[in-house]
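Structural overview
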Amino acid sequence: MSGDAPVAVITGASRGIGKQFAVDFAAAGYDVVCLARSTDDSPTKLPGTVDETAQLVRDAGRRALALPLNVQVEEEVAAIADRVYDELGRCDVLINNAAIAIPGKTLELPTSRWRLAMDVNVHGPLYMMYHFCPRMVQAGSGRVINISSGAAVRPEFGRISYTVTKRALEALTEGMGFELQEQSVAVNCIRLDFAVWSEGYAYTLPGVDTSEFEDPVVMSDAALWLARQPLDYTGKVLAITQMREMGAVRGNTRIADREGWGDGETAGAREVKR
Ligand SMILES: NC(=O)c1ccc[n+]([C@@H]2O[C@H](COP(=O)([O-])OP(=O)(O)OC[C@H]3O[C@@H](n4cnc5c(N)ncnc54)[C@H](OP(=O)(O)O)[C@@H]3O)[C@@H](O)[C@H]2O)c1
């Protein structure tokens, strides 16, 4: 293992798309920092912990840090940034992937739920950029990849806070891309505009057949493609269907075609649903 390898910092890496990013960035030669609230010592009700994801990174021969983080808490984000630079000395790619989707009509939910959505989906990525980007500027290079949703432009009535926060994240991407364009830090966004299987998403759809959902590996294609673009490729919000047309993302997938689907990790999700 080499200390010279590029480093990817990934929020929401305990399961789902974030876990897939960790595995595929490791395969591409990155050391990986896996961040989320679920740890082996403090698991949540859904399957997956940052420690389990970090072990997959190490199995691929890369260095991994598994650190608990609630992205809502700026002090925790600041401490994580210090720790990453102390221990690994760099952050080449930051992926703001952690998010929540709160169901319920706006007027029927307490306003605290709205603030929660804003804190996790908008302030979390903002805190991450706030504490990582100045060090990227200092290093003379860095890339931020924010993860949005088709809901940003296709309002999902019944969970409007999700639409609002993802639209805000896209605006934040464009603004930060503009502000940092002369400072060698690229900020871009992938808008995931079709269903990708993840433990978290499956949990919100009890009784729904999710076998035709796409494999999260398509998101790794998109993120690795962005990580390879020149630093002046910035401020862009790219729908994944558009990235597929550009040849950046493989053709259609279905999670049911993944080896082991139906037992292994997906069994965990089914157990939670019962
Ligand atoms: N799956 C889809 O079809 C789809 C479609 C459009 C967009 N997206 C976007 O893709 C991204 C990943 O979604 P997913 O389907 O993989 O979701 P998921 O399975 O629910 O995973 C969400 C991740 O975010 C973490 N997280 C949630 N709240 C957090 C907090 N306060 N602090 C730190 N980490 C937190 C969770 O870990 P802990 O619970 O351990 O903290 C988990 O690792 C999200 O941005 C989502 O909006 C997904």
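Since we're looking at a predicted model, the values are computed, not measured.

So, on to the environment of N252. Mapped onto the elements of the fold, N252 is located in the loop between α8 (240-245) and α9 (264-273). Looking at N252, the number of C-beta atoms within 10 Å reads 12, which means it is exposed. On a C-alpha basis, the gap between N252 and L46 in space is 27 Å, while along the polypeptide they are 206 residues apart.

Below, the discussion takes up the site of the ligand. As a matter of local geometry, the ligand sits amid 29 residues, with G12, G16, R37, S38 and G200 nearest to it. Listed by contribution, the elements that provide at least two residues to the shell around the ligand are α1 (16-27), β5 (142-149) and α6 (199-203). Its residues placed into classes, the shell around the ligand shows 13 nonpolar, 13 polar and three charged.

Let us now look at helix α5 (residues 160-179). For α5, with 20 residues, the first-to-last C-alpha span of 28 Å sits near the 28 Å given by 1.5 Å per residue. Buried-residue contacts for α5 involve α4 (111-139), β5, β6 (185-192) and β7 (237-239).

Glancing now at the confidence of the model for the protein. Within the protein, residue pLDDT values average 94, and 95% of them lie at 70 or more. Of the regions scoring below 50 in pLDDT, residues 267-274 engages in twelve contacts with residues more than four places distant in sequence or in other chains.

For helix α2 (residues 50-59), the set of buried residues is V50, E52, T53, A54 and V57. Residues of α2 that are buried in the fold lie against α1, β2 (31-36) and β3 (64-68). Two residues or fewer after α2 comes G61, characterised by a positive phi angle close to 90 degrees.

Turning our attention to the pairing of β3. Direction of pairing for β2 relative to β3: parallel, over a ladder of five bridges. Across the sheet, V33 pairs through a bridge with L65, a residue of β3. Regarding the hand of the β-α-β motif, the stretch spanning β2, α2 and β3 is right-handed.

Rules behind the numbers
Residues numbered from 1 in each chain as written. Predicted model: local features only at pLDDT ≥ 70, side-chain atom pairs only at ≥ 80, totals over all residues. Helix = DSSP H or I, 4+ residues; strand = E, 2+ residues; numbered from the N terminus. Buried ≥ 20, exposed ≤ 12 C-beta atoms within 10 Å, placed from the backbone. Near = placed C-beta within 6 Å. Nonpolar A, V, L, I, M, F, W, Y, C, P; charged D, E, K, R; others polar. Expected span 1.5 Å × (residues − 1). Contact = placed C-beta atoms within 7 Å. pLDDT = per-residue confidence, 0-100. Pairing = 2+ DSSP bridges. Right-handed = clockwise from strand over helix to strand, strands pointing away.

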